[in-house]
Amino acid sequence: MSPIRFEQGRLLLIDQRVLPAQQVWIACANAVETADAIRDMVVRGAPAIGVTAAYGVALEACVAVHDPAFSRRMQQACRRLMDARPTAVNLRWAVEKQQGLMQAMATASTSEIAAALLQAAHGMHADDIALNRRLGFHGQALLADGARVLTHCNAGALACAGYGTALGVLRAAVEAGKRLSVFADETRPFLQGARLTAWELMQDGIDVTLITDNMAGHLMSRGEIDAIVVGTDRVTANGDVVNKIGTYMVAVLARRHGIPFYVACPLSTLDLRTATGADVPIEERSAQEVTGHAGVVWAPAGVKVRNPAFDVTPAELVSGLITEAGVIHEPAGVDLKQWFEAQGAHGEQQ
Ligand code: MRU
């Protein structure tokens, strides 16, 4: 399952706003349409929006090959894509990779640059799936046969180019022959857990039980959860984890009940340039996401609303960061910069 396809010169994205009720694919032909699709959550999830943005840069180059202002237009396109959503660092990571490629090809023709950007986007798409499998392999070793695992939001195939990070860990455990029971938090207000995680796991025949977000503490207190595995939009240099709103609450509850709290974190999601979670811009989304859903409004007209889309889980609450290069146990006590340099991965992600 991949939420992203490239066919006949067009980028196709499955519209995640209407899943699972409808399966509709939306086409993007240039950077503006691609940035709109990212901002409006047609496509969402940190790795997926990174790969999508890389395609957006390539599409813009393809339509601009005869534009005398090619370079300026490409700079504007990159800025627009990077600004589509502020929190997930993968967006910046992917666009900067494309900008680096353009810089390296400064003397090439515009059509050569466009072809190379498209090739690079295809490469990121394929690499993301491969790295998720490696990440899943490392992560599944942390889960026992019979484990009951809670996840929050959707860090699955739908949030990546395929396979998933947190759900990739669960898939890998099942592929290794372990029996898992997964609990999916509903994930208010956008309902990624109810609409996407529950659907994705059911498609794969993985046992999943849907709960509302406020039920997680009760299940933990009754000894019904053995481990938590979530994804992330950005892990800062000190190991703080920025992820979907509500993740912090889950992590605090997990610590209270002595349950391990794992974060699936591809290297492209590590932001060593940012010191702590407090320095990360947290996206605030529209009030309509909180006051109702799908045309139904349940809050009084005019009520004041806050809608931060992400929160910060301090590193001290994280039992392990699961990466494609291995697991970093208790990241609060680890120098992440040094760790990644030791993996030979630093140049790749910075
Ligand atoms: O607002 P979203 O749906 O883009 O938020 C997604 C998440 O918070 C995911 O947990 C995160 O991006 C990791 S996806 C592998």
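Enquirer: Help me understand the overall build of the protein in this model?
Expert: Across its full length, the protein holds twelve helices and 16 strands. By the compact-globule yardstick of 20 Å for 350 residues, the protein fits well, its C-alpha radius of gyration being 20 Å. Long-range pairs, those at least 24 residues apart, make up 73% of the contacts in the protein with a sequence separation of at least 6. Total accessible area on the protein is roughly 14300 Å²; 52% of this is exposed by carbon and sulfur atoms. Across the protein, 30 positive and 36 negative side-chain charges occur, with their mean positions spaced 3 Å apart.

Enquirer: Even after reading the chapter, I still don't get the domain arrangement of the protein, so can you show me in this structure?
Expert: What the domain assignment lists for the protein is domain 1 (4–132) and domain 2 (136–349). Here the C-alpha centre of domain 2 lies 25 Å away from the C-alpha centre of domain 1. Listed by partner, the interface residues are 32 residues for domain 1 and 35 residues for domain 2. The largest contributions to the domain 1 side of the interface with domain 2 come from Arg44, Thr87 and Asn132, which together make up 23% of the buried area. Between domain 1 and domain 2 we count three salt bridges in total. Here Asp271 ties to Arg92 by a salt bridge, and the two come within 2.9 Å at their closest N and O atoms. Our enumeration of links across domain 1 and domain 2 arrives at 20 residue pairs in polar contact (both at pLDDT 80 or more). Of all the elements in the fold, those that place two or more residues in the side of domain 1 that touches domain 2 are helix 2 (46–63), helix 4 (89–104) and helix 5 (110–140). Broken down by element, the side of domain 1 that touches domain 2 gets its largest block of residues, six residues, from helix 4. Here the side of domain 1 that touches domain 2 is built from residues that sort into 16 nonpolar, seven polar and nine charged.

Enquirer: Whenever I open this one, the site of the ligand confuses me. Can you help?
Expert: Inspection of the region around the ligand gives 18 residues, with Arg44, Arg85, Gln192, Asn243 and Lys244 positioned closest. At 2.8 Å, a side-chain N or O of Arg44 approaches an oxygen atom of the ligand. For the ligand, an oxygen atom lies 2.7 Å from a polar atom in the side chain of Asn243. When the ligand is considered free in solution it has 420 Å² of accessible area, and contact with the protein chains removes 99% of it. Among the detected pockets, the ligand sits in the largest cavity. Mapped by element, the contributors of at least two residues to the shell around the ligand are helix 2 and strand 9 (241–244). Each residue belonging to the shell around the ligand can be placed in one class, and the counts come to eight nonpolar, six polar and four charged.

Enquirer: What should I look at first to understand the sheet that holds strand 11 (residues 270–271) in this one?
Expert: In a beta sheet, neighbouring strands are held together by backbone hydrogen bonds and run either parallel or antiparallel to one another. Spatially, four strands are ordered 11-8-9-14 in an open sheet, and the strand pairing comes out mixed. The outermost strands of the open sheet, each flanked by one partner alone, are strand 11 and strand 14 (310–313). For strand 8 (residues 234–236) and strand 11, the ladder comprises two bridges, and the chain directions are parallel. Along strand 11, the bridge assignment pairs Val235 with Leu270.

Enquirer: I tried to follow the environment of Pro308 on my own but got confused; where do I start?
Expert: On the secondary structure map, Pro308 appears in the loop between strand 13 (296–297) and strand 14. Overall, Pro308 belongs to the partly exposed group, its relative accessible area being 23%. The sequence separation of Pro308 and Met249 amounts to 59 residues, and the corresponding C-alpha distance is 14 Å. Residues contacting Pro308, with those up to four places away along its chain left out, are Ile245, Ile282, Glu283 and Glu284.

Enquirer: Before we go on, may I ask you to explain the nonpolar core in this structure?
Expert: Buried together is how nonpolar side chains tend to be arranged in soluble globular proteins. Leu13, Ile38, Val57, Leu81 and Leu117 are the most contacted members of the largest nonpolar core, which totals 44 residues. For this core, the secondary-structure elements that each account for two or more residues are strand 2 (10–14), helix 1 (31–39), helix 2, helix 3 (70–82), helix 4 and helix 5. For this core, the element with the most residues is helix 2, which contributes eleven residues. If you look at the next biggest cluster of nonpolar residues, it comprises 28 residues, including Ile225, Ile228, Val263 and Phe340.

Conventions we followed
Residues numbered from 1 in each chain as written. Predicted model: local features only at pLDDT ≥ 70, side-chain atom pairs only at ≥ 80, totals over all residues. Heavy atoms only, no water. Helix = DSSP H or I, 4+ residues; strand = E, 2+ residues; numbered from the N terminus. Rg over C-alpha atoms; globule rule 2.2 N^0.38 Å. Contact = heavy atoms within 4.5 Å. Areas by Shrake-Rupley, 256 points an atom, 1.4 Å probe, with all protein chains shown as cover. Lys, Arg positive; Asp, Glu negative; His and termini not counted. Charge placed at Lys NZ, Arg CZ, Asp CG, Glu CD. Domains from an automatic or database assignment. Buried area = accessible area lost by both parts, 1.4 Å probe. Salt bridge = Lys/Arg side-chain N within 4 Å of Asp/Glu carboxyl O. Polar contact = N/O pair within 3.5 Å; in protein donor to acceptor, adjacent residues only side chain to side chain. Nonpolar A, V, L, I, M, F, W, Y, C, P; charged D, E, K, R; others polar. Near = heavy atom within 4 Å. 1 Å grid on protein atoms, 1.4 Å probe; cavity = no way out; pocket = protein on both sides within 12 Å on 5 of 7 lines; lining within 4 Å. Sits in = over half its atoms within 2 Å of the grid points. Pairing = 2+ DSSP bridges. Buried < 20%, exposed > 50% of the residue type's maximum accessible area, 1.4 Å probe, protein only. Core = buried A, V, L, I, M, F, W, Y, C linked by side-chain atoms within 4.5 Å.

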